[in-house]
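Architecture at a glance
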Amino acid sequence: MPRRTTMLKAKILFVGPCESGKTVLANFLTESSDITEYSPTQGVRFESCWPALMKDAHGVVIVFNADIPSHRKEIEMWYSCFVQQQSLQDTQCMLIAHHKPGSGDDKGSLSLSPPLNKLKLVHSNLEDDPEEIRMEFIKYLKSIINSMSESRDREEMSIMT
């Protein structure tokens, strides 16, 4: 029986501390805009809306500015709220240590506490190597889509049996 192909839509959330680079990364990865100039997003935490945002999410990308020490502690809260409390698997989460232009790119000195140290950690620097983050995100997205497809297949098989 030929396998039918259907378009799967994945809901991936980009979360993290203020001024971490979420918007510029999301725009870059979706090819929505050029990366020529930084313009801060007006971020407001509407924690009461988080459950609605998280509903039916297939993955979470936690972005933080690797050059701001307080961000390392804050991402623990983002992980707890958006990954652990939603019963997502660690494979559905990606950590991006974003380095803003001119900040340097010190990949070696970043140590994270458990359970964050078990997550896929990718360093991004859109100034020096933009394609590296794009390729890492594509790999992450493929793993999310594969997981969704396998889940759908299992569901279809359980209906047929």
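Before any of the text, the structure's been laid out above.
Residues numbered from 1 in each chain as written. Predicted model: local features only at pLDDT ≥ 70, side-chain atom pairs only at ≥ 80, totals over all residues. Heavy atoms only, no water.

Overview of the sheet that holds strand 1 (residues 12-15)
This is how the line gets drawn: Strand pairing is assigned whenever DSSP detects at least two bridges linking the two strands. In DSSP terms, a helix is any run of H or I states spanning at least four residues, a strand is any run of E spanning at least two, and both are numbered starting from the N terminus. Lines fitted to C-alpha atoms define the axes, with helix axes restricted to the stretch in contact, and inter-axis angles between N-to-C directions lie between 0 and 180 degrees. What makes two residues a contact is simply this: any of their non-hydrogen atoms within 4.5 Å.
Read across the open sheet, the four strands follow the order 1-2-3-4; overall the sheet is parallel. The open sheet is flanked by strand 1 and strand 4 (120-124), the only strands paired with a single partner. Within this sheet the neighbouring strands show an average axis-to-axis angle of 20 degrees, counted without direction. In terms of strand pairing, strand 3 (residues 93-98) meets strand 4 through five bridges, oriented parallel. When the bridges of strand 4 are listed, Ile96 appears paired with Val122. Helix 1 (residues 22-29) rests against strand 1, strand 2 (59-65), strand 3 and strand 4 of the sheet, and its axis sits at about 145 degrees to strand 1.

Digging into the side chain of Ser124
Formally: Burial classes: relative accessible area under 20% of the type maximum marks a residue as buried, over 50% as exposed, and values in between as partly exposed (1.4 Å probe, protein chains only). Polar contacts here mean pairs of N or O atoms no more than 3.5 Å apart (in protein, one a potential hydrogen donor and the other a potential acceptor; neighbouring residues in sequence count only if both atoms are side-chain atoms).
Within the fold, Ser124 resides in strand 4. Residue classification places Ser124 among the buried residues on the basis of a relative accessible area of 1%. A polar contact of 2.6 Å, which involves the side chain of Ser124, links it to the side chain of His98. Ignoring anything within four residues of it in the chain, the contact list for Ser124 reads Leu25, Ile96, Ala97, His98, His99 and Ile133.

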